[in-house]
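Read off the chains here:
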2 protein chains.
Amino acid sequence: MNFDALRQQIKQQTDEHLLGLISQLPDHAEHLKAAMQHALLVGGKRMRPVLTHLVGNSLDIPRQDQLTISMAIECIHAYSLVHDDLPAMDDDALRRGQPTCHIAFDEATAILAGDALQTLAFSILADQPMSDYGASCRAQLVSILARASGFNGMCGGQAIDLQTTGEAIDIATLTRLHRLKTGALLSACVQMITMVSANISDSDRQQFIHFADIVGLAFQVQDDILDVEGEASQIGKPQGSDAAQGKNTFPALLGMDAAKQELARLHQEALQALATLPYNTDYLTAFTDLMVNRNH
Amino acid sequence: MNFDALRQQIKQQTDEHLLGLISQLPDHAEHLKAAMQHALLVGGKRMRPVLTHLVGNSLDIPRQDQLTISMAIECIHAYSLVHDDLPAMDDDALRRGQPTCHIAFDEATAILAGDALQTLAFSILADQPMSDYGASCRAQLVSILARASGFNGMCGGQAIDLQTTGEAIDIATLTRLHRLKTGALLSACVQMITMVSANISDSDRQQFIHFADIVGLAFQVQDDILDVEGEASQIGKPQGSDAAQGKNTFPALLGMDAAKQELARLHQEALQALATLPYNTDYLTAFTDLMVNRNH
């Protein structure tokens, strides 16, 4: 199967399973349920599930376990987008070309939908089907996901982002911000899926995690570049919205040429990390190329 | 030790441990950290930890395990108050006589602080010290807490509350709303602490949980009564704020006399539930009396 077909298959399976999960919720709060579904299924690229499945496939992790981990990650990712889009945060009316949750519903419902999606993520790790990896496995998965998404990860990064918007920061601070805000969750995908592998060596596991860190940073640099050079119709939001909001970005701090050089450097570093791994990583190479070359 | 002294001791220990937990967080987002601390330590009654410890003491659960469960519960409770107070939700500037989180800080920080406190709750259950109750225990605690706080519990109840504010609803709907919004988390305290007891029978466990359900409802009826008859200086918010917001309450639906009769009925039912348990429940009787007779 070629990479694009595999990627579509993973996206479709993830969507189906997330939809199944939401449709199983009871009917006592229809509005909230609809908002959670809207947030989960607004049509993302499912980059995190794709990464999780590709690493999981390399390590022969059963499909069901890949799905359980992917769904938990996507619930965290979806909740973070809903809250980031709120008027008090980034105040975005469009996400992937569609109305954001507080526009499609209302602000209170969007806050609650985000809250309930975060809870759902931990519910999934505690309750959804998973092979028997030893009884403490689920708690370790909860520990990894909580660390990556809370103060020590995503929430902390978002706080730094809010505090430094409109301020001049250095490249080290910008890098740390992104390692927390987007990198931690990508790293968590790989930390979780490698944790359930019985056979992987500790050094190979660290190398996979290092790969995820580099790809996460490359993803963000390309995101910043697209905000300047991308087509609004492709990126699903107005061009230049980072600059308009006074966001610190790699092109703003380094200049566009140096930002593109940095992206190329990260691209090579990610590929080198893959090359040292004793697994078939062809699809992960294609994934890396896509993260760096994507136009949306 | 008399009940008031024990209650103060539990409150003080819970506060100290929560403060210790926050102070251990790294310094990368000071503003967010301060907001999380403000939200956790704004001076609540720590009713949920008190309930957890009292049931835990009856069952000889070690103090450390009581604390781990209590801290997780309080993080969920604190996050819910921060988000409920937001302008898009109840728009409250005061909580327990002190500025709410979005007033003391700002709205974006309050949203994030709530988010990070929810994550912290699950982190605590995964990582904080706990006796060895079998390796799947922590995942089961996560499962209970997630069910009680997400769509199937607290978030679902808050959604029903928002949707029905200003609308006429019946007493069954109001009861269901409160069972989800506040009852589920009180029940979770008892579900979690009885789950780690090796010796309790299934029927005694169910009886403890039934007791928590009744006390939770009684607590809410008294809350509604206090909103009409309480002193603003005691209840920490203006008298009549429920009515001003068009909230459905027990006195509004039943009339004040019938609401007080319902409270007395629930009081007796809770005491009867305790009386059938083969444990020393004297402190739980005092706790029940306090919930029903409190003036704030």
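Scope of this entry: the structure provided in the associated data block. (Residues numbered from 1 in each chain as written. Chains lettered and ligands numbered in written order. Predicted model: local features only at pLDDT ≥ 70, side-chain atom pairs only at ≥ 80, totals over all residues. Heavy atoms only, no water.)

For the rest of this paragraph, the subject is the environment of glutamate 74 of chain B. Residues and elements named next belong to chain B. Among the secondary structure elements, glutamate 74 is positioned in helix α4 (residues 63-84). Sequence-wise, glutamate 74 and alanine 188 are 114 residues apart; in three dimensions their C-alpha atoms are separated by 12 Å. Residue contacts for glutamate 74: discarding those within four places in its chain leaves Thr14, Leu18, Leu40, Arg46, Arg48 and Pro49. (Helix = DSSP H or I, 4+ residues; strand = E, 2+ residues; numbered from the N terminus. Contact = heavy atoms within 4.5 Å.)

For the rest of this paragraph, the subject is the relation of the copies chain A and chain B. With an RMSD of 0.0 Å, the fit of chain A onto chain B corresponds to turning through 180° and sliding 0.0 Å along the axis. Read as a symmetry element, the transformation amounts to a two-fold axis. Here 100% of the interface residues in chain A have copies in chain B that are interface residues too; the copies meet face to matching face. (Least-squares fit on C-alpha atoms with pLDDT ≥ 70 in both.)

Moving on to helix α8 (residues 154-164) of chain A. Within α8 of chain A, nine of the eleven residues are buried, leaving the element largely enclosed by the surrounding structure. If you check which residues of α8 of chain A are buried, you get Met154, Cys155, Gly156, Gly157, Gln158, Ala159, Ile160, Asp161 and Thr164 of chain A. If you follow the buried residues of α8 of chain A, they end up packed against α4 (63-84), α7 (137-149) and α9 (171-195) of chain A together with α2 (30-40) and α6 (107-127) of chain B. One or two residues past the end of α8 of chain A sits glycine 166 of chain A, with phi positive at roughly 85°. (Buried < 20%, exposed > 50% of the residue type's maximum accessible area, 1.4 Å probe, protein only.)

This part takes up the interface of chain A and chain B. Taken together, the 46 residues of chain A in the interface contact 46 residues of chain B. For the chain A and chain B pair, buried surface summed over both sides reaches about 3800 Å², with 73% attributable to carbon and sulfur atoms. At the junction of chain A and chain B, the tally comes to zero salt bridges. At the surface where chain A touches chain B, the tally comes to ten residue pairs in polar contact (both at pLDDT 80 or more). Breaking the side of chain A that touches chain B down by element, the ones donating at least two residues are α2 (30-40), α4, α6 (107-127), α7, α8 and α9 of chain A. If one sorts the elements of the side of chain A that touches chain B by residue count, α6 of chain A sits on top with twelve residues. Looking at the side of chain A that touches chain B residue by residue, the classes come out as 25 nonpolar, 14 polar and seven charged. (Buried area = accessible area lost by both parts, 1.4 Å probe. Salt bridge = Lys/Arg side-chain N within 4 Å of Asp/Glu carboxyl O. Polar contact = N/O pair within 3.5 Å; in protein donor to acceptor, adjacent residues only side chain to side chain. Nonpolar A, V, L, I, M, F, W, Y, C, P; charged D, E, K, R; others polar.)

Turning to helix α3 (residues 47-58) of chain B, a few remarks are in order. What sets the pattern is the α-helix's 3.6 residues per turn: residues three or four places apart point alike. Residue and element names in this part refer to chain B. An ideal rise of 1.5 Å per residue puts 16 Å on twelve residues; α3 measures up with 17 Å between its terminal C-alpha atoms. Taken together, the buried positions of α3 are Met47, Arg48, Pro49, Val50, Leu51, Thr52, His53, Leu54, Val55, Gly56 and Ser58. If you follow the buried residues of α3, they end up packed against α1 (3-23), α4, α9 (171-195), α10 (202-229) and α15 (282-293). Just downstream of α3 lies aspartate 60, where phi reads positive at about 60°. (Expected span 1.5 Å × (residues − 1).)

Our next topic: the pattern of salt bridges. All names here are of chain A. In this structure the tally under the stated criterion is 26 salt bridges over all chains. Taking the shortest distance from any N to any O, the salt bridge between aspartate 85 and arginine 95 comes out at 2.8 Å. Placement of aspartate 85 in the loop between α4 and β1 (94-95) and of arginine 95 in strand β1 is noted, with a sequence separation of ten residues between them. Residue classification places aspartate 85 among the buried residues on the basis of a relative accessible area of 3%. Given the relative accessible area of 23%, arginine 95 is considered partly exposed. Three or more residues are tied together by salt bridges with common partners; here these are Lys11, Asp15, Arg46 and Glu74.

For the rest of this paragraph, the subject is the packing of helix α14 (residues 256-275) of chain A against helix α15 (residues 282-293) of chain A. Residue and element names in this part refer to chain A. In contact at an axis separation of 10 Å, α14 and α15 are set at 170° when each is read in the N-to-C sense. The orientation of α14 with respect to α15, classified from their angle, is roughly antiparallel. Across the interface between the two elements, Leu263, His267, Ala270, Leu271 and Leu274 from α14 touch Leu284, Thr285, Thr288, Asp289 and Val292 from α15. When its residues are assigned to classes, the contact of α14 with α15 shows six nonpolar, three polar and one charged. (Axes fitted to C-alpha atoms, helices over the stretch in contact; angles between N-to-C directions. Parallel < 35°, antiparallel > 145°, perpendicular 65-115°, else oblique.)

All right, on to the side chain of glutamine 220 of chain A then. Residues and elements named next belong to chain A. Along the chain, glutamine 220 turns up in helix α10 (residues 202-229). The buried category is assigned to glutamine 220, whose relative accessible area is 8%. Only 3.4 Å separates the side chain of glutamine 220 from the side chain of threonine 182, close enough to count as a polar contact.

Attention shifts here to unusual backbone geometry. The phi torsion at aspartate 91 of chain A lies on the positive side, around 55°, for a residue other than glycine. Mapping aspartate 91 of chain A onto the fold places it in the loop between α4 and β1. Judged by relative accessible area, aspartate 91 of chain A falls into the partly exposed class, the value being 49%. In this structure, arginine 46 of chain B takes a positive phi of about 55° despite not being glycine. For arginine 46 of chain B, the position within the fold is in the loop between α2 and α3. The buried category is assigned to arginine 46 of chain B, whose relative accessible area is 5%.

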